[in-house]
Amino acid sequence: MQIPQDLIDTAKLKLKSVQSEAEFFQLRSQYLGKKSFVISSFTELKSLDPDSKVSAAKELNILKSKLSHLFEVALEGMQAKTDVSLLDTTLPADPYFVGAEHPIAEISQRVIHYFSPLNYQVFSGNEIETDFFNFEALNFPENHPARQMHDTFYLNAGKKSEYLLRTHTSNSQIHAMLREPLPLYMLSPGRVYRCDSDTTHLPMFTQIEGLVVDEDVSFGDLKGIIINFLEYFFNEKMEVRFRPSYFPFTEPSAEVDIKFGNNGWLEVLGCGMVHPNVLKGCNIDTQRYRGFAFGMGIERLAMLYYGVDDIRDFYSSNLDFLNQFSS
Amino acid sequence: MKVQYSYLKNYLSTDLSQAKLADVFTKVGFECESDGSIIDFDITPNRGDVLSLRGLQREFQAQQSKAFKDKLYYEKLTFKKDKTIINTIDKSGCGNYQLMLVRGLHSVKELDKKKRNFLIAAGVPLIHPLVDLGNYVMLEMGTPMHVFDLDHLELPLNIAFPASKKNSFQAIGGDTKIVESASLTIQDQNGIQAIAGIIGGHETSVSKSTKSVAVEAAFFNPAKIANQARKYGLATDASHRFERGVDPALQQKALARFLFLLKEIARYDLIDCYEGSSVKLKPTAISLNVERFNNFSGLSLSAKKIKLFLETLGFTSILTKTDHLKFQVPSYRFDMELEEDLYEEILRCYGYDNIPINPPKSGPVAKVTDHSASEKLKGGLVFGGFQELMHMPFVSTETFNALNSNDWSPAELSNPINENEPLMRGSLFGSLFSAINLNVKKGYSAIKFFEHGNVFHKIKNDFAQESHISGLIYFHESQKTWSDKSFQYDFYSLKAEVLKLLETLRVKSIQLVPNSSATIFTANAMDIFVGKKKIGMLGEINPTSTQKLIKNPAFGFEIYPEKISTKSSALKLKPVSKFPSSSRDLNILINQSYSYAQIETVLLNSKIKFLHSLALANTFEGKGIPDGSISMTLRFMFQSPVKSLKESEINASMDNAFHLLNKALKAKIRS
């Protein structure tokens, strides 16, 4: 007796296209009804010799049970679907809250994510700081015109020692150099303050500075990591320009410009080789160690990255603005 | 410093366009911005020597590998020493002092139009032809000059710090300044006639009727001038230059130039020049090791090339010994002290962009740093639907007090940007309340915000900074959906929110302890403890603490991430039971004065056999319940790790549980 090999497969295929219960039962009787191949074949068994009769009967029984199972499952599935009351699944979802990181926090993390795998440790530091850590140890002599570049907030303190709101996160670098073993690879993210407010300046903004103190670091190393970082950050190959500048704590100092979008050169960060006076002040042997440092304003990077025109938007707590960062 | 492009172009004899010229200077460290036909140079405080046409010319020619060539014309002058003209000089404040006396002036004309336009473009107002001429020479050579009306000056002069602490002095323009003894002054026989390097006196200023003048050119010590002008609320072109350092070798030459140009605009009868005794400044010499430079920069320049670069900038080579070079610093450079200072000059000439680029290096194995708890908490909040906000940390005294739960002394600014907000925040809630208020006005009705930042307070003579993460949930009493399902947020939702956050971070042994006296919250508030450490608070916001910013109920929490340990101790896992669990309910009546926490404590601290967990299934008060009592349905779950429990074992534990509650809290079975 010839048993078709693809009987189960074709049954499966036909079941898939069944649209109604009537169609289903029609199909089931086609495969398992009296006139179906399987059932009618049982009557034909009589005419076979005893040996082939046994093996054919076994084969037919397996086939029958497989088909029955197939149709049982299909029927259950069909009934489960029709038993529920039908919903308009396109109606709105229940209310839900979508949270989001603040864009400044997100951009800060993006910067940290580049440097973390390079084993830069993160030190956040104090926002209220003494004059020593914010200026003196960073080679800003008292009365030096360089101090006028930083409009500083001062605090009313009981004693003589001057407390101020840090004007950059470099204070964390001094603390770390005095405390941590060398070589030192670090980032200092955080808030900084300048007594200045207009459309492009806020009295508080966010900085991330980096510092490396190691043997044999060169200006070429500094250039390498800055360019690589900027390409990672903006996710594209970039034209990057280094030009001489002045910071009391680095010598030589450089400003870094990029070409981004359709603008001309845009200043994105400052950097340089750590001034020997700064290293010496932290008891570091300048014959053995050298350092480089860099610093960037996160608001500026965020404005470029997201195309924000007004720096004040970041601190406006306006959901119309902020909700755009969650979708 | 603003310079007219057309004027500069002629001065430098160059054909470069305005943009190209600006680019040349920007690339060597003098950032330029163009404003119409004017180039505005951003001269950094270390480079006072470039605050003149002469300085710009020197830099420009160095870029073309040409040494500076002076092309100005000068009169020939001889300077005499005479105590009846210049008597004493305080050498700590004044390096040299030169005076040119011009008598019998007549037919004084204005400067020619080109020079006048040049001055106006530079932002230097036109005052009097002789003053304008002094200013012109200053812009040309970098040497500030002062012109006194000689007929109002009672010679000789003394260059001295005032003897008394406070001296009244009427400055040009008529303002009276109280001159302190730290300010160097020019005094004649009648007293102070100028604050050195900052401003001249009203009395001796030149006017239309001026017939004779004394023209001053001097070198004042930058350290003695620094910050002085600010004290008097003044910032003059002269003080700007003196603070940064004026070339001490140029004063007599500047007077010679002044006289040369004076002849173009005036006639005079007599010229006399005097010099005060001067301090010979010892030129600075700096050694340079070529190999060290090349290691430092990543370059491989030859000694010859290095010498060439520095010489075009005016440095004099005084020693060449294979790898060891030594240079004398020109008198106008006040920023040269160390070998690294020379490195910068060489690299500026070589071009920063030409320095090779090395691949990034990484540091030694990093340690786990301190801010992982806050990052995790923030991640949890974002996932929980909170929008992060950031605010300025300045607050008013009222706001600080309204949120001052800990009796903190505020950290106060002595120069706040807004005098109504002189304090540093002691809580993050103030700005969050304003943020809710702002967004409710915009039409938002259900809001979840959080902020992460530092709060501050004063401790004796020091200041403390603490990291906070504070969250605020604002809900209209109930939010209804289109299907009429209502969403409510209450104290217990808040509790769930905070516990979910902390437990997801695997913070161990969290305890919530009622605290009804926190300023920010109503009596419905709790402290969050981990062991004995308080790591935060949560509660219903006290409407009075919001200073009328929030009217509907709001819920808030604050967590101190620095207090949460992120050191992940290895988890200790218990074996998972393979045996079935059974649950039993117990209906009790209990006096309302007992808290649920007390029930929990009694049951969970008593080691009831096989008790796996406890839950509150229901509470009921009202009909059928005696006044002052509450009915509670407690749901016990029993399970053994080693066997299936028998009915009798479970019953025994349930009896024990009731017995404990009855004994400790007088609980009764509710029939």
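Residues numbered from 1 in each chain as written. Chains lettered and ligands numbered in written order. Predicted model: local features only at pLDDT ≥ 70, side-chain atom pairs only at ≥ 80, totals over all residues.

Chemist: What is the right way to read the overall build of chain B from this model?
Modeler: When its secondary structure is counted, chain B shows 18 helices and 32 strands. By its C-alpha atoms, chain B is 125 × 60 × 50 Å across when sized along the principal axes. Taking all 671 residues of chain B together, the buried fraction comes to 37%. Restricting to contacts in chain B with at least 6 residues of sequence separation, those with at least 24 account for 68%. (Helix = DSSP H or I, 4+ residues; strand = E, 2+ residues; numbered from the N terminus. Buried ≥ 20, exposed ≤ 12 C-beta atoms within 10 Å, placed from the backbone. Contact = placed C-beta atoms within 7 Å.)

Chemist: Would you mind showing me how to read the overall build of chain A here?
Modeler: On a plain count of helices and strands, chain A comes out with eleven helices and nine strands. By the compact-globule yardstick of 20 Å for 327 residues, chain A is too spread out, its C-alpha radius of gyration being 37 Å. On the principal axes, the C-alpha backbone points of chain A span a range of 115 × 50 × 45 Å. (Rg over C-alpha atoms; globule rule 2.2 N^0.38 Å.)

Chemist: Is there a simple way to think about unusual backbone geometry in this case?
Modeler: With glycine set apart, most residues show a phi of negative sign, and most peptide bonds adopt trans. All names here are of chain A. The omega angle of the peptide bond from Leu182 to Pro183 is -5°, so this bond is cis rather than trans. Residue Glu251 is joined to Pro252 through a cis peptide bond whose omega torsion reads -5°. Topologically, Pro252 is positioned in strand β7 (residues 250-259).

Chemist: For this particular structure, what's the right way to read the nonpolar core?
Modeler: What tends to happen in soluble globular proteins is that the nonpolar side chains get buried as a cluster. Counting 134 residues, the largest nonpolar core has Cys271 of chain A together with Leu432 and Ile436 of chain B as the members making the most contacts within it. In terms of residue count, helix α8 (residues 219-234) of chain A provides more of this core than any other element does, seven residues in total. With sequence-adjacent residues up to four places away left out, Ile436 of chain B is seen in contact with Ile447, Phe449, Leu472, Tyr474, Leu549, Ile550 and Ala554 of chain B. Counting 75 residues, the second-largest nonpolar core is a separate cluster that includes Leu184, Ala194, Val213 and Ala229 of chain B. (Core = buried A, V, L, I, M, F, W, Y, C linked by C-beta atoms within 7 Å.)

Chemist: Would you mind going over the domain arrangement of chain A with me for this structure?
Modeler: Think of interface size as the accessible area that goes away when the parts come together; that is how it is often given. Domains assigned within chain A are domain 1 (7-83) and domain 2 (103-325). Taking only C-alpha atoms, the centre of domain 1 of chain A and the centre of domain 2 of chain A are 76 Å apart. (Domains from an automatic or database assignment.)

Chemist: Teacher, can you tell me more about the sheet that holds strand β2 (residues 31-35) of chain B here?
Modeler: Within a beta sheet, neighbouring strands are joined by backbone hydrogen bonds and run either parallel or antiparallel to one another. Residues and elements named next belong to chain B. Spatial ordering of the open sheet is given by β1-β3-β2, a layout of three strands whose pairing is antiparallel. Two strands lie at the open edges of the sheet, namely β1 (2-4) and β2, each paired on one side alone. Strand-to-strand twist in this sheet, taken as the mean axis angle between neighbours without regard to direction, amounts to 30°. Strand contacts of helix α2 (residues 18-27): β2 and β3 (38-42), with the helix running at about 155° to β2, the strand carrying the most contacts. (Pairing = 2+ DSSP bridges. Axes fitted to C-alpha atoms, helices over the stretch in contact; angles between N-to-C directions.)

Chemist: Whenever I open this one, the domain arrangement of chain B confuses me. Can you help?
Modeler: Residue and element names in this part refer to chain B. Examined at the domain level, chain B breaks down into domain 1 (2-63), domain 2 (86-275), domain 3 (285-354), domain 4 (372-563) and domain 5 (582-669). Each side of the interface is counted separately: domain 1 has 13 residues, and domain 2 has 14 residues. Those elements that place two or more of their residues in the side of domain 1 that touches domain 2 are β1 and α3 (53-63). Of the residues belonging to the side of domain 1 that touches domain 2, the class tally is six nonpolar, four polar and three charged. (Nonpolar A, V, L, I, M, F, W, Y, C, P; charged D, E, K, R; others polar.)

Chemist: Looking at this structure, I do not really get the sheet that holds strand β28 (residues 554-559) of chain B. What am I missing?
Modeler: All names here are of chain B. If you trace the seven strands from one edge of the open sheet to the other, you get β18-β21-β22-β28-β27-β26-β25, paired in mixed fashion. Strands at the two margins of the open sheet, each flanked by one partner only, are β18 (387-389) and β25 (510-514). When strand polarity is set aside, the average angle formed by the axes of neighbouring strands in this sheet is 25°. Where strand β21 (residues 446-459) meets strand β22 (residues 462-475), 14 bridges bridge the pair, whose relative direction is antiparallel. Residue Phe449 lies in a different strand from β22, and its bridge partner there is Leu472. The strands touched by helix α13 (residues 372-383) within the sheet are β18, β21, β22 and β28, with β22 carrying the most contacts at an inclination of about 15°. Helix α15 (residues 429-441) rests against β18, β21, β22 and β28 of the sheet, and its axis sits at about 150° to β21.

Chemist: How should the packing of helix α5 (residues 103-115) of chain A against helix α10 (residues 298-306) of chain A be read in this particular structure?
Modeler: Residue and element names in this part refer to chain A. At their nearest, the axes of α5 and α10 sit 9 Å apart, and the two run at 95° to each other. Between α5 and α10, the interaxial angle falls into the category roughly perpendicular. Between α5 and α10, the residues in contact are Pro103, Ile104, Ile107 and Ser108 and Ile298, Glu299, Leu301, Ala302, Tyr305 and Tyr306, respectively. Here the residues of the contact of α5 with α10 are counted per class, giving eight nonpolar, one polar and one charged. (Parallel < 35°, antiparallel > 145°, perpendicular 65-115°, else oblique.)

Chemist: Would you mind showing me how to read the interface of chain B and chain A here?
Modeler: Facing 77 residues of chain B, the contacting portion of chain A comprises 70 residues. Top element by residues in the side of chain B that touches chain A is helix α12 (residues 339-350) of chain B. It accounts for six residues. Tallied by class, residues from the side of chain B that touches chain A come to 35 nonpolar, 25 polar and 17 charged.

Chemist: Even after reading the chapter, I still don't get the packing of helix α10 (residues 290-297) of chain B against α12 of chain B, so can you show me in this structure?
Modeler: In a packed pair of helices, the relevant descriptors are the angle between the two axes and the axis-to-axis distance. All names here are of chain B. Contact pair α10 / α12: the axes reach a minimum separation of 11 Å and the direction vectors enclose 65°. With respect to α12, the element α10 is oriented roughly perpendicular. Between α10 and α12 the crossing geometry is right-handed. Contacts from Phe293, Phe296 and Ser297 of α10 reach α12 at Tyr343, Ile346 and Leu347. A per-class count over the contact of α10 with α12 returns five nonpolar, one polar and no charged. (Left-handed = near helix turned anticlockwise from the far one by under 90°.)

Chemist: What is the right way to read α5 of chain A from this model?
Modeler: It helps to recall that an α-helix has 3.6 residues per turn; residues three or four apart then point in one direction. Between the first and last C-alpha of α5 of chain A there are 19 Å, a value that for 13 residues agrees with the 18 Å anticipated at 1.5 Å per step. Of all the residues in α5 of chain A, the buried ones are Pro103, Ala105, Ile107, Ser108 and Phe115 of chain A. (Expected span 1.5 Å × (residues − 1).)

Chemist: Would you mind going over the pairing of strand β7 (residues 157-160) of chain B with me for this structure?
Modeler: Walk down a regular strand and you will see the side chains alternate between the two sheet faces. Residue and element names in this part refer to chain B. The alternating pattern of β7 places Leu157 and Ile159 on a buried face and Asn158 and Ala160 on a face that is not buried. Pairing geometry for strand β4 (residues 86-89) and β7, over three bridges, is parallel. Bridging from a neighbouring strand, Ile89 pairs with Ile159 of β7. Both β7 and strand β10 (residues 185-188) contribute to a ladder of three bridges, which runs antiparallel. Each bridged residue has a counterpart across the sheet, and for Ala160 the counterpart in β10 is Thr185.

Chemist: Is there a simple way to think about the environment of Asp70 of chain B in this case?
Modeler: Residue and element names in this part refer to chain B. As for its placement among the helices and strands, Asp70 is situated in the loop between α3 and β4. Looking at Asp70, the number of C-beta atoms within 10 Å reads 11, which means it is exposed. In the structure, Asp70 is positioned 13 residues away from Gln57 in sequence and 9.2 Å away in space, judged by C-alpha atoms.

Chemist: I'm lost on the environment of His240 of chain B in this one. Help?
Modeler: Relative to the helices and strands, His240 of chain B resides in helix α8 (residues 237-244). Along the backbone, His240 of chain B and Gly48 of chain B are 192 residues apart, and their C-alpha atoms lie at a distance of 8.3 Å.

Chemist: In this structure, what is going on with helix α4 (residues 113-121) of chain B? I would like to understand it.
Modeler: Residue and element names in this part refer to chain B. The set of residues buried in α4 consists of Lys115, Phe118 and Leu119. Along the axis of α4, the buried residues cluster in a sector spanning 100°; they form a single face. Relative to its buried face, α4 has exposed residues pointing more than 90 degrees away, namely Lys113 and Lys114. One or two positions beyond α4, positive phi appears at Gly123, with a value near 80°. (Arc of directions from axis to C-beta.)

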